[in-house]
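# Coordinates in review
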2 protein chains.
Amino acid sequence: MVIVMNLDERKKKILSSVVEDYIESAEPVGSKTLVEKYHLDYSSATIRNEMKLLEEAGYLEQPHVSAGRIPSTKGYRYYVDNLMKERKLSMVDINYIDNTINGFGDTDAIFEQIADVVSKILSTPTVITKNNTDTIENIKVVKISDKLLLIVLMSKNGTVKDCIAKLTDTVEDNVIEQMTNILNRDLAGTPIKELHLALNTVIMKDLQAFSGIMDDVVNSIKYEMSKDMKKLNSGMEKILEKPEFSDIDKVKNFINMMSTKEIIDSALQKSKDNKLSIVIGSENKEVLLNDYTIISLDIEQDNKYLGKLSVIGPKRMNYAKTISTLKYINDKFKNTLISNKNKGNVKGDNSEKGRR
Amino acid sequence: MVIVMNLDERKKKILSSVVEDYIESAEPVGSKTLVEKYHLDYSSATIRNEMKLLEEAGYLEQPHVSAGRIPSTKGYRYYVDNLMKERKLSMVDINYIDNTINGFGDTDAIFEQIADVVSKILSTPTVITKNNTDTIENIKVVKISDKLLLIVLMSKNGTVKDCIAKLTDTVEDNVIEQMTNILNRDLAGTPIKELHLALNTVIMKDLQAFSGIMDDVVNSIKYEMSKDMKKLNSGMEKILEKPEFSDIDKVKNFINMMSTKEIIDSALQKSKDNKLSIVIGSENKEVLLNDYTIISLDIEQDNKYLGKLSVIGPKRMNYAKTISTLKYINDKFKNTLISNKNKGNVKGDNSEKGRR
DNA sequence: TTTTAGCACTCAAATTTATTAAGTGCTAAC
DNA sequence: GTTAGCACTTAATAAATTTGAGTGCTAAAA
């Protein structure tokens, strides 16, 4: 679909240098800088001619005539697709991730930890979108005290979510059992995003008799499931330090945009096919996001799609580092977290060794 | 301790008008504005003389010689203590609160809802500090599946908190029972803030035998209890619109300050004696907070102290509205939320009526 | 044909200067 | 005690000036 120009080696080198310098410095890059800093064995005049051609081909832009060049969306795209070198995550970052994400708590808690860690490392807001195509597999209701029930929802993909229901009346054990059975019968297999609706139907159809208790239980479930379908993470403190946010209006617009669920929602729905999706600047249909890049990675486990981890920042973001961070998190996630299969196996291995 | 000047009626009226106008407009208030807007039956020259006296007495300050006056910390203090009229919360706000806070979820979830609502109404960041002098009353451990335990912690004050522990090995029912008994025996009465320490002791002393499972359980509890002892709430979007944040450095400093746990921590510990505490500007020992006011209200229920609800904003905050909002929340809280006694009573009343 | 030195030109950003308007303090009269 | 009137101060705004980074083009060199 997109026609990729054939760039000769020198042009590639120049483009890649401009992108990398601009990512680092946030200043338009001039011909002199390129020659000096990136040891291009040509005079600045030659580089200037090349840059002009690159601009005419749409890879670079010039904020104004007496400024250096900055990459265009097309330039970033070419860089990401063809020029960028994979880089390994630094040991500092690896250690930080390993020591911070501990796998305690329910799925949401772990997602939150991940978003936190990614924000810290990349100095960027991070959003986690949970998979709401996942379906309910099993519901348990546990009586904690006279008027407190604990409801545990387990999904097909193995995530766990629980909520507390405070009852207005006391309730008999056998009532709880009946209720649990009905809930399981009617709700098993329901996609989480349809749970809201399904609960209404269930109440109408089969749970009239329990209406007193059910209101409390159902409302608790609804509330728990409805909240933070998208988990927005701060990371704001650090992104504000970036030079693109030296303008107060940009700060406000960005913060507002990030708080507008609809914008973020629609932006994140794009990447359906690819596990790693990179949407740069004007590639994003939402105009307000045209100055930003969103990089998302599907989080999977045992080939089950659990959700999407997305990073939102200025187009001038460190693509290489972002991608390697996301990938590292995903690898870690696959092997250690939420499911305990592997953790169990490791222990199993140890005990076998011990046995001989 | 503080010497309160005797201000005559005219001075009081002027001071109160300056404070209220400045709270509304964020601009230094001049003598002419006062005469016109607040119908003071004197010429601007007279008002100027009075303002000069008020400044000399320390109630007002002048940003520069050709500007109007703004209230000093002492001026705000006098206003809050002596001049401010209590105002009722508007019906719009009351409805918003009533419709948004629903009482579902555990204590943390409800606190979060409250912080959210307060932020929205006051356009200000809101912090909730949980009472960590509360003690553990009862611990329940529920087996959800082979390798999943649900641990429910109930405190003396009636708050509930739960966490999920993922086990590395399967566990027998009777083991869970034994473990639960030991946990309850050893931990009942432990203050929540000492739980971390106490857990270590318990493991050392009585739970050696269960070490395999306990690690997971204990870590889960620890993690759950350690996180968000202070729940910081955003509300940032809206506070940024206020004119004091038109300077980008102030924005950054404020956001950084709010993210620095220690500062907020120490600032909130002040108000020990009073249920409603107001710390204005330089009354705050933390220098970074000298431009801000913190208003906190103890949240209580059945005379039990559950935590503190605090609002942080510029000195120029709407004191009357903030206070009435906090009070309304607290009243609501006392009667409806967390505990279900009242809710139960209401239903009971209904059924009695129905019975006749 | 490709590269480069050299120079005129452009334009944003920084700096300086001028203008404006809001508000005061003081004096002298009411 | 109050107030009209006026000189004075100063931040904010606008306008003018300077500076400097970087370009594009031309013509000569490789």
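In this report, the structure presented in the accompanying data block is examined. (Residues numbered from 1 in each chain as written. Chains lettered and ligands numbered in written order. Predicted model: local features only at pLDDT ≥ 70, side-chain atom pairs only at ≥ 80, totals over all residues. Heavy atoms only, no water.)

This part takes up the pattern of salt bridges. Under the counting rule described, the total for this entry stands at 34 salt bridges over all chains. Lys143(A) is the partner of Asp173(A) in a salt bridge, and the nearest nitrogen-oxygen pair spans 3.3 Å. You can see Asp173(A) sitting in helix 7 (residues 173-187) and its partner Lys143(A) sitting in strand 4 (residues 136-145), a full 30 residues away along the chain. The class of Lys143(A) is partly exposed, set by a relative accessible area of 30%. Among the salt bridges present, the one from Lys308(B) reaches Asp298(B), with a minimum N-O distance of 2.6 Å. In this pair, Lys308(B) is assigned in strand 10 (residues 304-314) and Asp298(B) in strand 9 (residues 292-301), connecting sequence segments ten residues apart. (Salt bridge = Lys/Arg side-chain N within 4 Å of Asp/Glu carboxyl O. Helix = DSSP H or I, 4+ residues; strand = E, 2+ residues; numbered from the N terminus. Buried < 20%, exposed > 50% of the residue type's maximum accessible area, 1.4 Å probe, protein only.)

This paragraph deals with the interface of chain B and chain A. Listed by partner, the interface residues are 46 residues for chain B and 46 residues for chain A. Surface buried jointly by chain B and chain A totals about 3,900 Å² across both partners, of which 65% is contributed by carbon and sulfur atoms. When the buried area of chain B at its contact with chain A is split by residue, Phe104(B), Lys166(B) and Tyr223(B) rank highest and sum to 16% of it. Remark: the boundary between chain B and chain A carries zero salt bridges. Inspection of the region where chain B meets chain A yields four residue pairs in polar contact (both at pLDDT 80 or more). Among the elements that make up the side of chain B that touches chain A, the one with the highest residue count is helix 11 (residues 248-259) of chain B (six residues). Broken down by class, the residue content of the side of chain B that touches chain A amounts to 19 nonpolar, twelve polar and 15 charged. (Contact = heavy atoms within 4.5 Å. Buried area = accessible area lost by both parts, 1.4 Å probe. Polar contact = N/O pair within 3.5 Å; in protein donor to acceptor, adjacent residues only side chain to side chain. Nonpolar A, V, L, I, M, F, W, Y, C, P; charged D, E, K, R; others polar.)

This part covers the protein's contact with DNA strand D. For DNA strand D, the set of nearby residues contains 20 residues, the closest of which are Ser31(A), Ser43(B), Thr46(B), Val65(B) and Ser66(B). Each atom of DNA strand D within 4 Å of the protein was assigned to sugar, phosphate or base; sugar and phosphate come to 78%. With respect to DNA strand D, the side chain of Ser31(A) contributes an N or O atom lying 2.7 Å from a phosphate oxygen. Contributing elements (two or more residues each) for the surface near DNA strand D: helix 3 (44-56) of chain A together with helix 3 (44-56) of chain B. With four residues, the top contributor of residues to the surface near DNA strand D is helix 3 of chain B. Split by residue class, the surface near DNA strand D holds five nonpolar, ten polar and five charged. (Near = heavy atom within 4 Å.)

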